[in-house]
Amino acid sequence: MNFDFSDDQKQLRDQARKFLAEKCSPKAVRVVLDGKAPYDKELWKGLAEMGFLGVAIPEEFGGAGAGHLELCVIAEEMGRANAPVPFSSTVYLAAEALLIAGSDAQKKKWLPAIASGEAIGTLALFEGKGNPAPKNVKLAAANGVLNGVKKPVADGAIADFAVVAARTGSSGRDGDISLFLVDLKAGGVEVKSLTNLDPTRGQAEITFKDCKAEPLGAAGDGWSILTQVLDRAAVLCAFEQVGGSDRTLEMGRDYALDRIAFGRQIGSFQAVKHMLADMYVSATLARSNSYYGAWALSTNAAELPEAAAAARISATQAFQHCAKNNIQVHGGMGFTWEFDCHMYYRRANAMALGLGSLSYWEDQLIDRMRKKNAA
Amino acid sequence: MNFDDTPQEAEFRSLARAWIGANAPKQYEDELRKSSLGRTVLRNANILEVAKAWQKKKADAGWACLHWPKEYGGRGSSPIERVIWSQEEGPFGQLSRMFIIGHGMCGPTMMAFAREEHKRTYLPPLASGEKIWCQLFSEPAGGSDVAGLRTRAEKDGGDWVINGQKIWTSGAHYSDYGILLTRTDPTVPKHKGLTMFFLDMKSPGVEVRPIKQASGASDFNEVYFTNVRIPDHQRLGEVGDGWNVSLTTLMNERSAIGAAVSTGFPELFEYCSSLMLDDGPAIEDRAVRSKLANWAVKASGLKYTSMRAISALSKGERPGPENSIGKLVAGSMIQDVATYALDLQGASGVVSGEDAELAGRFQAMLLRAPGTRVEGGTDEIMRNIIAERVLGLPGDIRVDKDVPFNKIPTKGR
Ligand SMILES: Cc1cc2nc3c(=O)[nH]c(=O)nc-3n(C[C@H](O)[C@H](O)[C@H](O)COP(=O)(O)OP(=O)(O)OC[C@H]3O[C@@H](n4cnc5c(N)ncnc54)[C@H](O)[C@@H]3O)c2cc1C
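The text that follows walks through the structure, step by step, so that each part is easy to find. Just so it is clear, the structure is predicted and the values come from calculations on it, not from any experiment. (Residues numbered from 1 in each chain as written. Chains lettered and ligands numbered in written order. Predicted model: local features only at pLDDT ≥ 70, side-chain atom pairs only at ≥ 80, totals over all residues. Heavy atoms only, no water.)

A short note on the site of the ligand
Phase 1 of the analysis: The ligand sits among 21 residues. The nearest are B:S144, B:W168, B:S170, B:T378 and B:E380.
Phase 2 of the analysis: Per-site note: the chains with residues close to the ligand are chains A and B.
Phase 3 of the analysis: A distance of 2.8 Å separates a nitrogen atom of the ligand from a polar atom in the side chain of A:Q270.
Phase 4 of the analysis: Measuring from an oxygen atom of the ligand, one finds a side-chain N or O atom of B:S144 at 2.6 Å.
Phase 5 of the analysis: For the ligand, whose accessible area on its own is 970 Å², the fraction buried by protein is 69%.
Phase 6 of the analysis: Looking at the shell around the ligand, the elements with two or more residues in it are β3 (159-170), α11 (361-372) and α12 (379-390) of chain B.
Phase 7 of the analysis: Its residues placed into classes, the shell around the ligand shows six nonpolar, 11 polar and four charged. (Near = heavy atom within 4 Å. Polar contact = N/O pair within 3.5 Å; in protein donor to acceptor, adjacent residues only side chain to side chain. Areas by Shrake-Rupley, 256 points an atom, 1.4 Å probe, with all protein chains shown as cover. Helix = DSSP H or I, 4+ residues; strand = E, 2+ residues; numbered from the N terminus. Nonpolar A, V, L, I, M, F, W, Y, C, P; charged D, E, K, R; others polar.)

Given below as structure tokens:
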């Protein structure tokens, strides 16, 4: 047993942290936050050059072929830097869907383009309110043509292609759902940007009108593929959330050491100390659950579904908890646009919803634990 | 990142499993499994005798205090082997709770500060459970503020003479030895005038009076010292350096208690899996599931946090203040879990003991939980430790820090 990242992986983490500190300052994030650009193109290019976009993509498809532990390490740094790029939709969702279910031709077409930063991908799953569930997928696919509306679609306005969940049957079972690959630049789609909690990662509504699409994976396998994709993305997002938790804890700690009130550093008041200690506790629990998820993801262990749900819940809670208390520690300053606290608060709360809400994952976790206990 | 056993670990595991399979007191397995948390009693046997017998058997075969050096009664095992052992030992590990203070705190303190001949004399029978140790730190005037203690030690020839009172001393009523923190100089600031000793609990002048706890049990005691003589060679560390010595004990206490503490979650999950509520199975209920999921990730988070700590240990890193997290999280969790389990039972949750659901398991847990949040440092002290030593925030303001101990006011106002 060794429950830690290797020295090489830690080195990669340092490298990513250094790179992001330089290329992804809060000032750079604000360009996107203020609506002056849909995402940070320079950073995206830089990430490609560093090999970070394709770190878990096999070499034969243009990636670095390192693996998922390496991707976890980078995800943590992306979260820590609050990077305003379509990393999660492209790398965790679209690329993973292709890796799991893509044909050789599909992989050859899209994966190298992802790794090189030329193609942005996303997953079009949601259709308004509701958590991931076959019954919530109404968009219809017939004869290779899609009709319907997806919203919200993460990074939908800047994506080049989407993995789309569509209804291909009416039996009322999971087998009614199939996945399709859509080149969003090829016509048949209308894209509208939506304002959202976290402008540093856009959301869109995509309307498909007699849009040509090619199947991804076998017909009727859509739901089982999606479940795998969501589980894998849950672990990767958890690392982003852990990075965000750590960063907000650090921000709060630093401010508590700096700010003087009543003639003392506010960090010497026990109420403030204890708030920060509790932030440390939730960040630590989330990190540990995420490590377990990383192990399960990288070895494709049978424990992955349960580990992914636990990592997801724990990391979502931790990031929300740390981000909100970071503002509290900062007092009035924390509630200004000028301070960076709200950027993380936005990201934390947006990320809490992206793969389905907490209650969805709570349900998943209990189902999976029951299954394991029954086995 | 690897969860699987290495070939050596797998070999160790199968060795341990085979030995436990052949030697553990199986007749108590079921009872031990069910009576965990707040109440380890055996219906037809004296738990202390059963625990001692199991510990002795382990020691004779080289399975006691695994990570201690062989010459002190251990096995010289790696931290990971220790974890594997405890996984394999399962419910029988409950029996070692009797020894946790000796093994987890007194032993390591002796190892760090006692003379070599004392280590060789006292440690092996501690490891084998033949001798039980207690920790005599807390006093009426010094609990969280350990350094506020008043028990005096005065030099008299080659001996020290002890007078004063300790309180909350777990297991003092069946202990053979204890480590004792005393004040040797009241004219210097409180942290500077302390000195640590170990002593024979049967020494003349030691009087142990059991205290009845809130839970109804009597696991801890008051201990009175009247002109108790301790030879100077039983001093641990330098005169006046007792605070430093006690920090070693407290650091080990946190990792020993932190690693051993239960959360109550597996019990609650098992309970909810079979419980029927008015509207159907509890486990199908949205609200129940949400509660369970929240506790599940805390329990797993603690488990993997301790695995991370062990991985760090096995790379030679020292156990740090981050170990405080285990007790802090588990203490209030077990209290909440027990409260919730009783809530699910409705009005009948009030009945405790043998007539209660699951023979009162959650009621016992509820009544023990407040102690868990206090012993070995309260939740508030744990948070201070994390804030100050992990996050580097300023220490609490200590108005008595530079004041000679005998000038510190003893009453409010
Ligand atoms: C079951 C049990 C077993 C025990 N076994 C042993 C044993 O074997 N040996 C031994 O030596 N001791 C033992 N203890 C004693 C235990 O270590 C003390 O009870 C504990 O450290 C708290 O001290 P206190 O009881 O004096 O409470 P106090 O220190 O008086 O605390 C009262 C309240 O004030 C709070 N408080 C105190 N100081 C601060 C601060 N600086 N900041 C914020 N809040 C503060 C506390 O958190 C608590 O809420 C045991 C206690 C229990 C409950």
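Structural notes on the side chain of A:D40
Phase 1 of the analysis: Mapped onto the elements, A:D40 comes out in the loop between α2 (26-33) and α3 (41-49).
Phase 2 of the analysis: When neighbours within four sequence positions are excluded, A:D40 is seen to be in contact with A:K23, A:A28, A:V32, A:P84 and A:V85. (Contact = heavy atoms within 4.5 Å.)

Remarks on the pairing of strand β7 (residues 220-231) of chain B
Phase 1 of the analysis: Judged from the nine bridges that link them, β3(B) and β7(B) form a sheet pairing that is antiparallel. Note on β7(B): the bridge partner recorded for B:W160 is B:I230. (Pairing = 2+ DSSP bridges.)

A look at the environment of A:L71
Residues and elements named next belong to chain A.
Phase 1 of the analysis: With respect to the helices and strands, the residue L71 is situated in helix α4 (residues 68-81).
Phase 2 of the analysis: Sequence separation between L71 and A56 is 15 residues, and the spatial gap between their C-alpha atoms is 6.0 Å.
Phase 3 of the analysis: Among residues more than four places away in sequence, those in contact with L71 are V55, A56, F87, V91, Y92, E96 and L236.

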